[in-house]
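# A closer look at the structure
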Amino acid sequence: DAKTTQPPSMDCAEGRAANLPCNHSTISGNEYVYWYRQIHSQGPQYIIHGLKNNETNEMASLIITEDRKSSTLILPHATLRDTAVYYCIVRALNTDKLIFGTGTRLQVFP
Amino acid sequence: DSGVTQTPKHLITATGQRVTLRCSPRSGDLSVYWYQQSLDQGLQFLIQYYNGEERAKGNILERFSAQQFPDLHSELNLSSLELGDSALYFCASSIGSQSSYEQYFGPGTRLTVT
């Protein structure tokens, strides 16, 4: 699986958009980009995933660059409850497991 | 609430002992995954079962074993426990075994070995 690089920490003001970057420059054509988050010591929570196109759901938007070497997770209106560690994971079509890196610790402040 | 349940929530035991962690997947999910999260190793994949069969293995120690039963619940057995086995153990489930399917995680079992 391709490796990902994320900033270790980010801050965001409540109500503002949180934009979390992820670099996956060695991604292959059959690899998906997944985002999960972990709030404190709870189980990781699935957020969104995509292959090539931008994706949006009720939680977030995923923007994948045309060359697929990087992506951005956007939380449109961050709340205090969005404070968590966010993991960007690249996962191949024939791989069942998720390989978690160290993620980005997002702190949303009032 | 992900729909994945894990029991027990907390477990405290002594070195050398054996414990069993239990996981019930979401209704309809056929795949079950086990992950370990320790302070120094982060979240690590241990093993996956799909419809009762072992599908993939990760960094699972020989002292650890797992199985998935006909009703699709899964158990992770940890034996000859060591202090370093203290960790959060998460179970996740998904509909199938393709990477296009998202995994839903349970609340975890916190194991403390003293």
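Use the structure listed above.
Scope of this entry: the structure provided in the associated data block. (Residues numbered from 1 in each chain as written. Chains lettered and ligands numbered in written order. Predicted model: local features only at pLDDT ≥ 70, side-chain atom pairs only at ≥ 80, totals over all residues. Heavy atoms only, no water.)

## Describing the sheet that holds strand 3 (residues 19–24) of chain B
All names here are of chain B. For clarity, the cut-off: Should DSSP find at least two bridges between two strands, the strands are regarded as paired. Secondary structure elements follow DSSP: runs of H or I no shorter than four residues count as helices, runs of E no shorter than two count as strands, and numbering proceeds from the N terminus. Here an axis means a line fitted to C-alpha atoms, over the contact stretch when the element is a helix, while the angle between two N-to-C directions is reported on a 0 to 180 degree scale.
The strand order across the open sheet formed by four strands is 1-3-8-7, and the pairing between neighbours is antiparallel. Edge positions in the open sheet fall to strand 1 (5–7) and strand 7 (64–68), since each of these has one partner strand only. Direction aside, the axes of adjacent strands within the sheet are offset by 15° on average. The pairing of strand 7 with strand 8 (residues 74–78) spans five bridges and is antiparallel. Looking at strand 8, one finds that Ala-66 is bridged to Leu-76.

## As for the sheet that holds strand 7 (residues 70–75) of chain A
All names here are of chain A. The sheet built from four strands is open, its strands ordered 2-7-6-5 with antiparallel pairing. Bordering the open sheet on either side are strand 2 (18–23) and strand 5 (55–56), each of which pairs with just one other strand. Two strands pair when backbone bridges link them, and strand 6 (residues 61–64) and strand 7 are joined in this way by four bridges, in the antiparallel orientation. Considered in strand 7, the bridge of Ile-63 is made with Thr-72.

## Considerations on the pairing of strand 6 (residues 53–57) of chain B
Residues and elements named next belong to chain B. As defined by bridge partners, strand 5 (residues 42–50) adjoins strand 6 across four bridges and the pair is classed as antiparallel. Residue pairing for strand 6: Tyr-50 is matched across the bridge by Glu-53. Between strand 5 and strand 6, which pair antiparallel and follow one another directly, the connecting turn spans two residues, one of which, Asn-51, has a positive phi of 50°.

## Some words on the interface of chain B and chain A
To keep things clear, this is the line we draw: Here, residues are in contact when the closest pair of their heavy atoms is within 4.5 Å. Accessible area, probed at 1.4 Å, shrinks when two parts are joined; the buried area is that loss added up over both. A side-chain nitrogen of Lys or Arg and a carboxyl oxygen of Asp or Glu constitute a salt bridge if their distance falls within 4 Å. Under the scheme applied, nonpolar residues are Ala, Val, Leu, Ile, Met, Phe, Trp, Tyr, Cys and Pro; charged residues are Asp, Glu, Lys and Arg; polar residues are all the others, including Gly.
Taken together, the contact pairs 22 residues of chain B with 19 residues of chain A. Summed over both sides, the interface of chain B with chain A buries roughly 1600 Å², with 51% coming from carbon and sulfur. Summed over the shared surface of chain B and chain A, the result is zero salt bridges. Every element with two or more residues in the side of chain B that touches chain A is listed here: strand 4 (31–38), strand 5, strand 6, strand 9 (87–94) and strand 10 (104–105) of chain B. Considered class by class, the residues forming the side of chain B that touches chain A number eleven nonpolar, eight polar and three charged.

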